[in-house]
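Here is what each chain is made of, one letter per residue.
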Amino acid sequence: MKEEQKNKLKVGILMKKGILITSAIVMSVILVCSITLLLISQDPIKKAEKETIAIAKESAGLVKATDFYWYNRDKTYFSVSGVNESDEEIMVIVAKDGGATTVLNQDEFITEQQAKALTREDKGAVDILEARIGLDGETPIWEISYKQENGRLGYYVLTAKSGKWVSDIENI
């Protein structure tokens with residue numbers, strides 16, 4: 001009888017070890033797949049950023065990029081801010097379709113921080129999520145996404161040249 005109990009105990013321990021090993025393998029596979037999926041999903045963003053910086057270097061003399069923006073409303077624009085060969089801050093806005101570029105010098109546009117501050121000034125205690133710069137027709141604009149107190153999303157749009165209010169979309 002004792003021998004039979006020892007065998008059952010050994011089988012139980014082996015089963016537990018097998019379950020643990022199998023679980024560890026499954027979790028490892030899930031982790032590797034998740035990381036791979038994350039890296040693959042960020043690939044288009046990195047590619048767009050790299051291409052935008054190359055265009056900005058060629059068309060505006062960008063030597064150091066500091067920020068990258070992806071604006072998508074009626075049309076898609078990729079933008080990069082940074083410093084040009086003359087050590088001036090610039091913003092280069094590139095249309096996804098056709099690659100047309102708009103170059104703004106620092107004295108021609110408000111910064112991301114200023115756009116966020118103007119949004120807070122007008123909207124009050126909202127949680128700023130992200131700022132993106134693009135074009136509305138020929139007009140450079142900042143689109144500030146925010147979370148309202150009720151948890152809903154909003155978009156505050158202002159001109160990039162003066163900070164003048166353009167539109168506000170609330171309760172999304």
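In this text the structure is predicted, and so the values were computed from the model without any measurement.

What counts and how
Every chain's residues receive numbers from 1 upward, in the order its sequence appears when written. This being a predicted model, a pLDDT of at least 70 is required before a residue's local features are given, and a value of 80 or more before pairs of side-chain atoms are given or counted; all residues contribute to the totals for chains, interfaces and linings. The side-chain values count all of the structure's non-hydrogen atoms but skip hydrogen atoms and water molecules. Runs of E in the DSSP output that reach at least two residues are strands. Runs of H or I that reach at least four are helices, and both are numbered from the N terminus. Radius of gyration here uses only the C-alpha atoms, and the compact-globule reference equals 2.2 Å multiplied by the residue count raised to the power 0.38. The rule is simple: take the accessible area with a 1.4 Å probe, protein chains only, and divide by the maximum for that residue type; under 20% is buried, over 50% is exposed, in between is partly exposed. Each pair of aromatic rings taken from Phe, Tyr and Trp, with Trp reduced to its six-membered ring, is defined by centres within 6.5 Å and is described as stacked if the planes are under 30 degrees apart, edge-to-face if over 60, and tilted in the remaining cases. Only residues above 30% relative accessible area that lack a salt bridge enter a patch, with like-charged residues linked at up to 9 Å and the nonpolar side chains Val, Leu, Ile, Met, Phe, Trp and Tyr linked at up to 5 Å. Accessible surface is estimated by sampling points in the Shrake-Rupley manner with a 1.4 Å probe; for residues, cover comes only from the protein chains shown. Any carboxyl oxygen of Asp or Glu that lies within 4 Å of a side-chain nitrogen of Lys or Arg is treated as forming a salt bridge with it. Charge assignment in this entry is limited to Lys and Arg as positive and Asp and Glu as negative, and neither His nor the chain termini are counted. The location of each charge is read from NZ of Lys, CZ of Arg, CG of Asp or CD of Glu. Two strands form a pair only when DSSP identifies at least two bridges running between them. Every axis corresponds to a line fitted to the C-alpha atoms, with the helix fit spanning only the stretch in contact, and the corresponding angles, defined between N-to-C directions, vary from 0 to 180 degrees.

**Considerations on the overall build of the protein chain**
Within the protein chain, the secondary structure is distributed over two helices and eight strands. Reading the helices (α) and strands (β) of the protein chain from amino to carboxyl end gives α-β-β-β-β-α-β-β-β-β. For a compact globule of 172 residues, the expected C-alpha radius of gyration is about 16 Å, and the protein chain comes in at 26 Å, more than 25% above that figure. Expressed along its principal axes, the backbone C-alpha trace of the protein chain runs to roughly 90 × 40 × 30 Å. Relative to its full complement of 172 residues, the protein chain shows a buried share of 31%.

**Overview of the packing of aromatic side chains**
As enumerated under the stated definition, the model contains four aromatic pairs in all. Residues Phe-68 and Phe-78 carry aromatic rings whose centres are separated by 6.2 Å and whose planes lie at 20 degrees to one another, so their mutual orientation is stacked. Of this pair, Phe-68 sits in strand 1 (residues 62-72) while Phe-78 sits in strand 2 (residues 76-84), and the two are ten residues apart along the sequence. Take Phe-68 and Phe-78: they sit in the same class, and that class is buried.

**As for a negative patch on the surface**
A cluster of acidic residues, Asp-87, Glu-88, Glu-89, Asp-107 and Glu-108, forms a negative patch at the surface. Tracing the backbone shows Glu-108 in the loop between strand 4 (101-105) and helix 2 (112-123).

**Considering the sheet that holds strand 7 (residues 153-159)**
Sheet strands pair via backbone hydrogen bonds, and the direction of the pair is either parallel or antiparallel. Strand order in the open sheet formed by four strands is 5-6-7-8, and the pairing between neighbours is antiparallel. This sheet does not close on itself; its edge strands, each paired only once, are strand 5 (127-136) and strand 8 (165-169). This sheet shows a mean twist of 20 degrees between the axes of neighbouring strands, independent of strand direction.

**Comments concerning the pairing of strand 7**
In terms of residue burial, strand 7 counts as a mostly covered element, since five of its seven residues are buried. In this structure, strand 6 (residues 139-147) lies alongside strand 7, joined through seven bridges in antiparallel fashion. Considered in strand 7, the bridge of Ile-141 is made with Thr-159. Examined bridge by bridge, strand 7 and strand 8 share four bridges and lie antiparallel to one another. Bridge pairing in strand 8 links Leu-158 to Trp-165. With antiparallel pairing between neighbouring strands as the criterion, strand 7 and strand 8 make up a hairpin whose turn holds five residues, including Gly-163 at a positive phi of roughly 80 degrees.

**Regarding the pairing of strand 4**
Strand residues, when the strand is regular, have side chains that alternate between the two faces of the sheet. Strand direction decides the pairing type here: strand 3 (residues 89-95) and strand 4, joined by five bridges, are antiparallel. The residue bridging Val-92 from the neighbouring strand is Val-103, located in strand 4. Connecting strand 3 to the antiparallel partner strand 4 that follows it, the hairpin turn spans five residues, and Gly-98 within it adopts a positive phi of roughly 95 degrees.

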